[in-house]
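Descriptive structure summary
Take a look at the letters that make up each chain.
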Amino acid sequence: MSEATLRAEGLTKSFPGVRALDGVDLSLRAGEVHVLLGENGAGKSTLIKILSGAYRPDEGRVLMDGRPVEIRDAGDARRLGISTIYQEFNLVPDLSVAENLSLGRLPRRFGLVDTAAMQRRARELLERVDVRVDPRTPVRRLGIARMQMVEIAKALSLDARVLIMDEPTAVLTTGEVGKLFAIVRRLRDEGVAIVFITHHLEEIAEIGDRVTVLRDGRSVAEVPAGTPQDELVRLMVGRPVDQQFPRRPAELGEPLLSVRGLTRRGAFDDVSFEVRAGEVVGLAGLVGAGRTEVARAVFGADRYDAGEVFVRGRRLPPHDVHAAMEAGLGLVPEDRKGQGLVLGAGIGENLGLVTLRDATRAGFVDLKGQRTAAARVAEQLGIRMTGLDQEVRTLSGGNQQKVVIGKWLAAQAGVLILDEPTRGVDVAAKVEIYQLVNALTDSGHAVLMISSDLPEVLGMSDRILVMARGRLVGELRADEATQDGVMALAVTDVAGSRAE
Amino acid sequence: MRSKQGGTDSRSSAWLAENGAVAALVVLVIALSLLSSDFLSLTNLLNVGVQAAVTAILAFGSTFVIVTGGIDLSVGSVAALSAITLAWTATEGGLPWPAAVVLSLATGVACGLVNAVLIAYGKLPPFIATLAMLGIARGLALVISQGSPISMPEAVSHLGDTVGRFLPIPVLVMLVMGVVAAIILNRTFPGRAMYAIGGNEEAARLSGIKVSRIKLITYALSGAFAAVAGVVLASRLASAQPQAAAGYELDAIAAVVIGGASLSGGKGRALGTLVGALILAVLRNGLNLLSVSAFWQQVVIGVVIALAVLVDTLRRRGTN
Ligand SMILES: Nc1ncnc2c1ncn2[C@@H]1O[C@H](COP(=O)(O)OP(=O)(O)OP(=O)(O)O)[C@@H](O)[C@H]1O
Ligand SMILES: [Mg+2]
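This structure is a prediction, so every number in the text was calculated from the model and none was measured.

**Side note on the domain arrangement of chain A**
A common way to express how large an interface is: the accessible area buried when the components associate. All names here are of chain A. For chain A, the assigned domains are domain 1 (6-237) and domain 2 (256-490). Taking the mean C-alpha position of each, domain 1 and domain 2 sit 28 Å from one another. The partner domain 2 presents 29 residues to the 27 residues of domain 1 that form the contact. When the area that domain 1 buries against domain 2 is broken down by residue, the three leading residues are Asn40, Glu88 and Ile144, summing to 27%. Inspection of the region where domain 1 meets domain 2 yields three salt bridges. The salt bridge partner of aspartate 216 is arginine 384, with a shortest N-O separation of 3.0 Å.

**Digging into the site of ligand 1**
Residue and element names in this part refer to chain A. Taken together, 22 residues surround ligand 1, and among them Lys44, Ser45, Thr46, Ser396 and Gly398 come closest. Measuring from an oxygen atom of ligand 1, one finds a side-chain N or O atom of serine 396 at 2.6 Å. Counting only elements with at least two residues in the shell around ligand 1, the list comes to strand E2 (18-29), helix H1 (44-51) and helix H14 (397-409). Taken together, the residues of the shell around ligand 1 break down into six nonpolar, 13 polar and three charged. Viewed by domain, the shell around ligand 1 spans two of them, domain 1 (6-237) and domain 2 (256-490), each represented by three or more residues.

**Some thoughts on the pairing of E2 of chain A**
In summary, the side chains of a regular strand alternate between the two faces of the sheet. Bridge analysis of strand E1 (residues 4-15) of chain A against E2 of chain A gives nine bridges, and the strand direction is antiparallel. When the bridges of E2 of chain A are listed, alanine 8 of chain A appears paired with leucine 26 of chain A.

**Quick word on the coordination of the magnesium ion (ligand 2)**
Residues and elements named next belong to chain A. Summarising the metal site, the magnesium ion (ligand 2) is bound by the protein donors Ser45 (OG) and Gln87 (OE1), whose distances to it range over 1.9 to 2.1 Å. Of this pair, serine 45 sits in helix H1 while glutamine 87 sits in the loop between strand E6 (82-85) and helix H3 (97-101), and the two are 42 residues apart along the sequence. In this pair, the class of serine 45 matches that of glutamine 87, namely buried.

**Side note on the packing of aromatic side chains**
Note on aromatic pairs: each is described by the distance of the centres and the angle between the planes. Residue and element names in this part refer to chain A. Counted under the stated rule, the structure contains five aromatic pairs over all chains. On the basis of an interplanar angle of 65° and a centroid distance of 5.9 Å, the ring pair of phenylalanine 181 and phenylalanine 196 is categorised as edge-to-face. Taken together, the positions of phenylalanine 181 in helix H6 (residues 174-189) and phenylalanine 196 in strand E10 (residues 193-197) put the pair 15 residues apart, joining distant regions of the chain. Each member of the pair, phenylalanine 181 as well as phenylalanine 196, carries the same accessibility label: buried. On the numbers, 5.9 Å between centres and 80° between planes, the contact of phenylalanine 299 with tryptophan 408 is edge-to-face.

**Concerning the sheet that holds strand E21 (residues 415-419) of chain A**
Strand-to-strand pairing in sheets goes through backbone hydrogen bonds, with the strands running parallel or antiparallel. Residues and elements named next belong to chain A. A sheet is described by the order of its strands in space; here six strands give the open sequence E18-E21-E22-E15-E23-E24, paired in mixed fashion. Strands with a single pairing partner mark the edges of an open sheet, and in this sheet they are strand E18 (329-332) and strand E24 (471-477). Between one strand and the next, the sheet's axes are offset by a mean angle of 20°, whatever the strand orientation. Note that strand E15 (residues 280-285) and strand E23 (residues 463-468) share five bridges and pair parallel.

**Section: the interface of chain B and chain A**
Each partner contributes residues to the interface: chain B has 26 residues there, and chain A has 36 residues. Between chain B and chain A lies a buried interface of about 2,600 Å² when both sides are counted; carbon and sulfur atoms form 55% of it. Here chain B is connected to chain A by three salt bridges. Ionic pairing is found between lysine 267 of chain B and glutamate 391 of chain A, a salt bridge with its closest N-O pair at 3.9 Å. Linking chain B with chain A are 10 residue pairs in polar contact (both at pLDDT 80 or more). Those elements that provide at least two residues to the side of chain B that touches chain A are helix H8 (169-187), helix H9 (189-199) and helix H10 (201-206) of chain B. Per-element tally for the side of chain B that touches chain A: the top contributor is H9 of chain B, with six residues. Residues belonging to the side of chain B that touches chain A are distributed by class as follows: nine nonpolar, nine polar and eight charged.

**Concerning empty space enclosed by the protein**
Residues and elements named next belong to chain A. Tallying each qualifying case throughout the model produces four cavities of 30 Å³ or more. Counted as a void, the largest cavity has a volume near 100 Å³. Looking at the largest cavity, it is lined by 16 residues, and the ones nearest its centre are Ala170, His200, Thr422, Arg423 and Gly424. Tallied by class, the residues present in the lining of the largest cavity amount to two nonpolar, eight polar and six charged. A domain-level breakdown of the lining of the largest cavity finds at least three residues from each of domain 1 (6-237) and domain 2 (256-490). Estimated volume of the second largest cavity: approximately 60 Å³. Lining the second largest cavity, in full, are Thr173, Thr174, Ala284, Gly285, Ser451, Ser452, Leu454, Val486, Met487 and Ala490. Broken down by secondary-structure element, the contributors of at least two residues to the lining of the second largest cavity are E15 and helix H17 (483-490).

**Focus on the environment of alanine 24 of chain B**
Take alanine 24 of chain B: it is sitting in helix H2 (residues 20-35). Along the primary structure alanine 24 of chain B and alanine 244 of chain B are separated by 220 residues, whereas in three dimensions their C-alpha atoms are 29 Å apart.

**Regarding the side chain of arginine 463 of chain A**
Residue and element names in this part refer to chain A. On the secondary structure map, arginine 463 appears in strand E23. A distance of 3.0 Å separates a polar atom in the side chain of arginine 463 from a polar atom in the side chain of glutamate 475. Discounting chain neighbours no more than four positions away, the residues touching arginine 463 are Glu274, Val275, Glu279, Val280, Val281, Gly282, Glu475, Leu476 and Ala478.

**Looking at a nonpolar patch on the surface**
Residues and elements named next belong to chain B. Residues Val114, Leu118, Leu124, Phe127, Ile128 and Leu131 make up a contiguous nonpolar surface patch of roughly 470 Å² in combined accessible area. Taken together, the elements giving at least two residues each to the nonpolar patch come down to helix H5 (97-121) and helix H6 (126-145). Take the nonpolar patch: its biggest share by element is three residues, from H6. Within the fold, isoleucine 128 resides in helix H6.

What counts and what doesn't
Residues numbered from 1 in each chain as written. Chains lettered and ligands numbered in written order. Predicted model: local features only at pLDDT ≥ 70, side-chain atom pairs only at ≥ 80, totals over all residues. Heavy atoms only, no water. Domains from an automatic or database assignment. Contact = heavy atoms within 4.5 Å. Buried area = accessible area lost by both parts, 1.4 Å probe. Salt bridge = Lys/Arg side-chain N within 4 Å of Asp/Glu carboxyl O. Near = heavy atom within 4 Å. Polar contact = N/O pair within 3.5 Å; in protein donor to acceptor, adjacent residues only side chain to side chain. Helix = DSSP H or I, 4+ residues; strand = E, 2+ residues; numbered from the N terminus. Nonpolar A, V, L, I, M, F, W, Y, C, P; charged D, E, K, R; others polar. Pairing = 2+ DSSP bridges. Donors = N, O, S within 2.8 Å, 3.2 Å for Na, K, Ca; no water. Buried < 20%, exposed > 50% of the residue type's maximum accessible area, 1.4 Å probe, protein only. Phe/Tyr/Trp six-rings, centres within 6.5 Å; stacked < 30°, edge-to-face > 60°. Axes fitted to C-alpha atoms, helices over the stretch in contact; angles between N-to-C directions. 1 Å grid on protein atoms, 1.4 Å probe; cavity = no way out; pocket = protein on both sides within 12 Å on 5 of 7 lines; lining within 4 Å. Points joined across faces, edges and corners; volume = space filled by probe spheres on them. Patch = residues over 30% accessible without salt bridge, like charges linked within 9 Å, V, L, I, M, F, W, Y side chains within 5 Å. Areas by Shrake-Rupley, 256 points an atom, 1.4 Å probe, with all protein chains shown as cover.

What follows is the structure, encoded as structure tokens:
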């Protein structure tokens, strides 16, 4: 037990303009869950990408069972028994779940792909992580949380000695997190060494054994998982951070957004609610309850079969994002890579995307104004970057998330819909985002917030709507809501509900 | 758009990575001026400019399309159809030449709009829609002209002349169109939107960009640029020919890609495209001066295109 299965020594890795890792050490034992903790951009993902063969280190070495090993690519990692779940998923959106689960190892019969065997394997793997999804569904249609579960299933299929998980819980609700933890505990007891990255501090004591803290690319501490949260934050940020939810209820005004009887067959049914000026309404529910689908339909990103959406009393044409935006709606989508960001473009470019139209005078875009605004937002959110021209692709996950939120903050939408706004964002930056939500409602804007992070919904909303199986099943005032209360509603079995 | 680097060494290599095509052009020019004493003469260089002009103008139009992640195979045919339209309406139709010019540009724009409607609303892949237009426009050019060249109106064929006895007008038109393309791409809303669409169409849509409308503009611009190229080509030859510019769409695409654009969209600049077109023209010219056979020229140019894009891909991978 004491002998390290995997040991990294003095790992150093530079990218143009930044030293992402600066002499990092990590020692990983069989049968432990080792948490990697650090701010956005501290180097966590870079470290695990070296262990999984995605990057080569500039300096330093990796040992397994005491012997130095070369991990040149994913194949080497697999042969060494290292399996990785990346923060940004590695799934092919247009292939089915089953094909993704067998990628690179398609079962063959007489030289042809054995579809039946592939489906069977997929079903087994999905059962292990306990998600109900048809293996023939294209991954594109899954939604972020289920994509995450498919990623997990894929990593488990490799029977690894070392399992690396980069923020697997960022998009999961309490229920899925529970299932995931059960799997992680079982693997740990079987002697697998597990690296676990998370920004949810309360998970650390629950699932972790030891914690390595990274700060600015250096490993600054190795502490037991039982270390108090305040102490962990201090180690990671270098100063204490007040982790209280800073929600400051604002004065309520007229309803800005009213949704009446919104229905799309197979997704959501007869959804009606209002959000008033100055109000933050939280939308809670399990994965697959239809929250994201409702949000996208309200914003005009998807069609709906029946119902109406009003902004400031004016009815929006269905399926028309542009009209929704003109009316003052905004949506921060859950899938930053697929829907939120132009990964190959610069940070400044991305931050200016929503305001591009408004910044056009006499046909010409006010590029200077756009840049000044972008610089201000980047500063406000503390985006860790080498400059506004850095490609968003090369930002750390949490910093990418800040860009998605930032581009909508710049737009000053009257009603902002936030779908998983703090996904992958570190504790200090979360508080920044909450402050910005307060500032929005103070100035009479309205916010509809979807989050799988229940404490966040409870802590930041004035009113909470709960969805289950495509229907609104309850409404709670913030001061009377509890986690258990919300969960009890979220698992409501709606009579005559759709089959999943 | 690379981020800043520490040392001067890495900075210059970053510049090279950014401007690989420029470096290639410089190397090519130096090599050819050493190999052939005729290469560096003013007459010859202007000749290269004239040869590059038509490809470059077509390629500027293709740059818009490629930046959005699309492709336009119809530009050569549209160029021929537009020139034929001009010549036919001015001679057979008896229209005054300015009206004929407007009509010719309108033809190019119309072809582009048809492409765009098929792509944006009919959801056809750009490759298929514009492949169909390649056939349709070429066919119409042949139908209208009944297969034979039509002479250009006098006033328009001055476009093939030189100003001040030395500067060929095609070169001038190329530069003007290049500046127009650069301004559209860099400074206007549709231009910036093209990059966003090519980079991530869904993200662009959810940011309030009317993707279909921008695609209409994109392909219409490509058609308009093709029309200008067709008229310039016809003016140089003093007649509009239905078979003119056949296969030029591939040169245009090659120029854009050599100039650093990515066929998967989101990347590309007018200046790069100009350099790409110049590289192709310099190469052809140099191979002629060195009396390399036309057959071998094709081989060499093919190799150069492959090399240029290969180097580009490798350096991209290197920086990631
Ligand atoms: N391919 C790359 N090119 C340039 N810089 C990069 C690249 N990948 C990472 N970086 C930089 O390295 C630093 C560390 O990034 P990393 O992704 O490891 O952070 P992280 O700790 O995983 O953060 P998060 O919690 O946000 O996921 C960041 O400043 C990031 O911008
Ligand atoms: Mg990360």
